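Listed below, chain by chain, are the residues.
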Amino acid sequence: MDRRSFIKIAAASALAVGAKGANAAIFDGENYRNAMQQDDAGLSVRFLGTGAADWFDKDERGEYRRLSSVLLEGHIIIDFTPSAKDMIPPMAHPDTIFYTHSHGDHYNPKAAIELGIKRVYLSNTWYDCAVADFTREAKKLKVSAPEIIPLYVGQSVEVDGVRFTPAPANHATAKRYEQPLIYVVEKGHVRLLYATDTATLPAYTTRWLNIDRHVAEAKPLTAIIMEATMGMGHNEDYRLFTHSSVFDVERMVKVLTSTKRYTPPVGQPVYLTHMARTMHGTQAELDAQLPAPLKAAYDGLEVVFR
């Protein structure tokens, strides 16, 4: 989020709570959410974590990334683990979570329940497993389990004016029949691709999303957040079957741009996330070396897509 957007949110919140007295908090959950949703119809995104599964502590360089997770509009989360809890603003009160898949660096029912999540969306291919997981953890915590809602590929759902469309990811888990997902998130004119974990995009996914070059009436993406588990110089790592590299993302963006399947505002970066500690340099090195328009996201980064 840029400084102007932050000031707008602060001002809106301060006016909303002015009658509460000088000791009242500037932000509360409802005002924060309303300010986010009214921010010129843009889609607000806060990166709660940007690391792949091998980020369990600071590395030898003193760098640290929490496990990949994003907060949308102040109350909707995609993936969540305890590592990202401290990145949630105190004025935000997330109530909805969308999961991409069941790997432990993306999925943690106990953490979601403790966060106060009320609604959980995930692929119908592992719905029964998730219901059992959440029921068990809720019983341990002596609280009610959130509502678990199955998603079907290509079937959109809307949460408070934000539309989510799940599509198949090129990824696999220990659950033999589970289909991991990526999401297209839409609000107003914004059409954001959130893709992690996936080895680029399967052909049928590009069809589902209306960005295949053979689709007559394409619906272009306007923003991209995509994993780059492998860094520059690691194009031949074994993870290529289930994950993307910087090179993969760069090539994909070039193709989508040249075919007008990706039409972002001028100067808007493609944000990289899910970066492996063993395959990337420091944030400063990434900022200096990544090819345009790619930019490494970092924990706590806030942006508003227009």
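The residue numbering used here restarts from 1 in each chain and proceeds along that chain's sequence as written. With the structure being a predicted model, the display of local features is reserved for residues of pLDDT at least 70 and the display and counting of side-chain atom pairs for 80 or more, all residues being used for whole-chain, interface and lining totals. Here the side-chain values reflect all heavy atoms present in the structure, with hydrogen atoms and water set aside.

*Asks:* Explain the overall build of the chain to me, and be specific about the residues and the numbers.
*Replies:* Across its full length, the chain carries 7 helices and 14 strands. Exposure is judged per residue with a 1.4 Å probe applied to protein chains only, and the accessible area is read against the type maximum: over 50% gives exposed, under 20% gives buried, and values in between give partly exposed. Within the chain, buried positions represent 55% of all 306 residues. Counting only contacts in the chain whose residues sit at least 6 apart along the sequence, the fraction spanning at least 24 positions is 61%. For the accessible areas, the method is Shrake-Rupley and the probe is 1.4 Å, while residue cover comes only from the protein chains on display. By element, 53% of the accessible surface of the chain is carried by carbon and sulfur atoms, the whole surface being about 14,000 Å². Only DSSP runs of H or I with at least four residues qualify as helices, and only runs of E with at least two residues qualify as strands; both kinds are numbered from the N terminus onward. By definition in these notes, contact holds between two residues if any of their heavy atoms fall within 4.5 Å.

*Asks:* Just give me the short version of the layout of surface pockets, but keep the residues and values in it.
*Replies:* With a 1 Å grid laid over protein atoms only, a set of points is called a cavity when a 1.4 Å probe fits there but cannot get out and a pocket when it is open yet has protein on both sides within 12 Å along at least five of seven lines; lining residues have an atom within 4 Å of a point. Grid points are joined across faces, edges and corners, and a volume is the space filled by probe spheres set on the points. Estimates place the volume of the largest pocket at around 260 Å³. Taken together, T200, L201, P202, A203, T206, I211, D212, R213, M252, V255, L256 and T259 form the lining of the largest pocket. Of all the secondary structure elements, the ones that give two or more residues to the lining of the largest pocket are α5 (203-208) and α6 (246-258). The element best represented in the lining of the largest pocket is α6, accounting for 3 residues. Residues are grouped as follows: Ala, Val, Leu, Ile, Met, Phe, Trp, Tyr, Cys and Pro are nonpolar; Asp, Glu, Lys and Arg are charged; all remaining types, including Gly, are polar. By residue class, the composition of the lining of the largest pocket is 7 nonpolar, 3 polar and 2 charged.

*Asks:* Please provide a residue-by-residue account of helix α4 (residues 127-141), values included.
*Replies:* With 15 residues, α4 should reach 21 Å at 1.5 Å per residue; the first-to-last C-alpha distance of 21 Å fits that figure. Among the residues of α4, those classed as buried are A130, D133, F134, E137 and A138. Along α4, the residues classed as buried sweep out an arc of 125 degrees about the axis, all on the same side. Turned more than 90 degrees off the buried face of α4, the exposed positions are D128, K139 and K140. After α4 finishes, the residue K142 shows a positive phi value of roughly 60 degrees. To estimate the expected span of a helix, count its residues, drop one, and scale the result by 1.5 Å. Here the arc refers to the directions that run from the helix axis out to each C-beta atom.

*Asks:* An account of the pairing of strand β2 (residues 69-72) is requested, with residue identities and associated values reported.
*Replies:* Covered by surrounding structure in β2 are S69 and L71 together with V70 and L72, the residues of both alternating faces. With 4 bridges connecting them, strand β1 (residues 43-49) and β2 associate as antiparallel partners. Of the residues in β2, the one forming a bridge with G49 is S69. Here, strands pair whenever DSSP counts at least two bridges between them. As paired strands, β2 and strand β3 (residues 76-78) are joined by 3 bridges and run antiparallel to one another. Following the sheet pairing, L71 is matched in β3 by I77.

*Asks:* Any chance you could break down the side chain of T50 for me, citing the residues and the numbers?
*Replies:* Summarising the element assignment, T50 is placed in the loop between β1 and β2. For T50, a relative accessible area of 0% gives the class buried. The term polar contact refers here to a pair of N or O atoms within 3.5 Å; inside protein, the definition further demands a hydrogen-donor-capable atom paired with an acceptor-capable atom, and it admits residues adjacent in sequence only when both atoms are side-chain atoms. Separated by 2.8 Å, the side chains of T50 and D299 make a polar contact. What T50 contacts, discounting residues up to four positions off in sequence, is R65, R66, L67, S68, T273, H274, M275, A297, Y298 and D299.

*Asks:* Provide a residue-level description of the pattern of salt bridges, including the pertinent values.
*Replies:* Any carboxyl oxygen of Asp or Glu within 4 Å of a side-chain nitrogen of Lys or Arg constitutes a salt bridge here. Tallying each qualifying case throughout the model produces 16 salt bridges. In this structure, D86 and R66 form a salt bridge, with 2.8 Å as the shortest nitrogen-oxygen distance. With D86 in the loop between β3 and β4 (96-98) and R66 in the loop between β1 and β2, this residue pair connects regions lying 20 residues apart in the sequence. Given a relative accessible area of 14%, R66 falls into the buried group.

*Asks:* Explain the packing of aromatic side chains to me, and be specific about the residues and the numbers.
*Replies:* Stacked, tilted and edge-to-face are the three classes assigned to paired rings of Phe, Tyr and Trp, where Trp is represented by its six-membered ring and a pair needs centres within 6.5 Å; plane angles under 30 degrees give stacked, over 60 edge-to-face, the rest tilted. All chains considered together, the criterion is met by 11 aromatic pairs. Pairing F47 with Y271 gives two aromatic rings, centres 5.9 Å apart and planes at 50 degrees, and the pair type is tilted. One end of the pair, F47, is in strand β1; the other, Y271, is in strand β12 (residues 270-273), with 224 residues separating them in the sequence. Exposure class is identical for F47 and Y271. Each is buried. Pairing F98 with Y183 gives two aromatic rings, centres 5.6 Å apart and planes at 80 degrees, and the pair type is edge-to-face. Of this pair, F98 sits in strand β4 while Y183 sits in strand β9 (residues 181-187), placing them 85 residues apart in sequence. Of the two residues, F98 and Y183, both sit in the buried class.

*Asks:* How would you sum up the side chain of H280? Please name residues and give values.
*Replies:* Within the secondary structure layout, H280 lies in the loop between β12 and α7 (283-289). Note on H280: relative accessible area 9%, which makes it buried. Other than its neighbours up to four places away in sequence, H280 contacts R61, A228, T229, M230, G231, V246, M275 and L286.

*Asks:* Explain the nonpolar core to me, using residue names and the numbers behind them.
*Replies:* Counting residues in each nonpolar core, the largest one holds 28 residues, and the members touching the most others are V45, F98 and F164. Apart from the residues within four sequence positions on either side, V45 is in contact with V70, L71, L72, L192, I225, L301, E302, V303 and F305. Put simply, a nonpolar core is a bunch of buried Ala, Val, Leu, Ile, Met, Phe, Trp, Tyr and Cys residues held in one set by side-chain atoms that sit within 4.5 Å of each other.

*Asks:* Account for the sheet that holds strand β11 (residues 223-227), naming residues and giving values.
*Replies:* With respect to topology, 7 strands assemble into an open sheet ordered β7-β8-β9-β10-β11-β12-β13, the strand pairing being mixed. A single partner strand is all that each edge strand has here, and the edge strands are β7 (157-159) and β13 (294-296). In this sheet, neighbouring strand axes are inclined to one another by 25 degrees on average, regardless of whether the strands run parallel or antiparallel. When strand β10 (residues 190-195) meets β11, the two strands line up parallel, connected through 4 bridges. Counted as the bridge partner of A195 is M226 from β11. To get an axis, a line is fitted to the C-alpha atoms, and for a helix only the part in contact is used. The angle between two axes follows their N-to-C directions and goes from 0 to 180 degrees.

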